Protein chains: 2
Amino acid sequence: MKKLDSKRQILFGKNLLRIRNEKGLSQDEVAARCRVTKGSLSVIENGGRNFSFTTLLALAKALEVQPKELLDLDFDLN
Amino acid sequence: MKKLDSKRQILFGKNLLRIRNEKGLSQDEVAARCRVTKGSLSVIENGGRNFSFTTLLALAKALEVQPKELLDLDFDLN
């Protein structure tokens, strides 16, 4: 997996974790609210894997944020 | 595939097509700018399949928009 992709997944994961903590939700609670397992959530928060568009929407719903907020980051695309 | 996921993929695809047209870019030009094939781009624009987080970033880069702009939609998550 390209280094840049990994860097961006880690950035996304840290932001996801920050939002979850801000909301005072555990991984179990987020997993219970959507069809993302606790194990997958943990790996995604650690930037350890790619994930789908529909998983991103499911996480946004579980965290009660707009999907675009999960991408409100500088992914250094240039 | 769940009906809601399909509806959201179609919504995303229409927005992607709108942005590409606004930028005056062909599918070939977008495909040439990133590692998303013309065929995949066409299917995604038609809401015909799920796609990954890194593909979303690649499309944002190719279209020269921030990734969050591709999700600036009402996905009716509730």
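As annotated in an unreviewed UniProt entry, chain A carries the name DNA-binding transcriptional regulator, XRE family and is attributed to Flagellimonas pacifica.

**Student:** Give a detailed account of the environment of Ser52 of chain A, specifying residues and quantitative values.
**Tutor:** Note on placement: Ser52 of chain A falls in the loop between helix 3 (38-45) and helix 4 (53-63). Overall, Ser52 of chain A belongs to the buried group, its relative accessible area being 18%. Aside from chain neighbours lying at most four places away, what touches Ser52 of chain A is Asn50, Phe51 and Ser52 of chain B. One polar contact links Ser52 of chain A to Thr54 of chain A, side chain to side chain, over a distance of 3.1 Å.

**Student:** An account of the nonpolar core is needed here, citing residue identities and associated values.
**Tutor:** One broad rule of soluble globular proteins: the nonpolar side chains tend to lie buried together. Within the largest apolar cluster, 48 residues are counted, with the highest numbers of intra-cluster contacts made by Phe12 and Leu70 of chain A together with Phe12 and Leu70 of chain B. Excluding residues within four positions of it along the chain, Phe12 of chain B makes contact with Phe53 of chain A together with Ile44, Phe51, Leu56, Leu70, Leu71, Leu73 and Phe75 of chain B.

**Student:** Describe the pattern of salt bridges, naming the residues involved and giving the relevant values.
**Tutor:** Across all of its chains, the model carries 14 salt bridges over all chains by this definition. Arg35 of chain B is paired through a salt bridge with Asp5 of chain A; the nearest N and O atoms lie 3.0 Å apart. Here Arg35 of chain B, found in the loop between helix 2 (27-33) and helix 3 (38-45), pairs with Asp5 of chain A, found in helix 1 (residues 3-22), and the two come from separate chains. Since its relative accessible area comes to 8%, Asp5 of chain A is described here as buried.

Quick notes on the rules
Residues numbered from 1 in each chain as written. Chains lettered and ligands numbered in written order. Predicted model: local features only at pLDDT ≥ 70, side-chain atom pairs only at ≥ 80, totals over all residues. Heavy atoms only, no water. Helix = DSSP H or I, 4+ residues; strand = E, 2+ residues; numbered from the N terminus. Buried < 20%, exposed > 50% of the residue type's maximum accessible area, 1.4 Å probe, protein only. Contact = heavy atoms within 4.5 Å. Polar contact = N/O pair within 3.5 Å; in protein donor to acceptor, adjacent residues only side chain to side chain. Core = buried A, V, L, I, M, F, W, Y, C linked by side-chain atoms within 4.5 Å. Salt bridge = Lys/Arg side-chain N within 4 Å of Asp/Glu carboxyl O.

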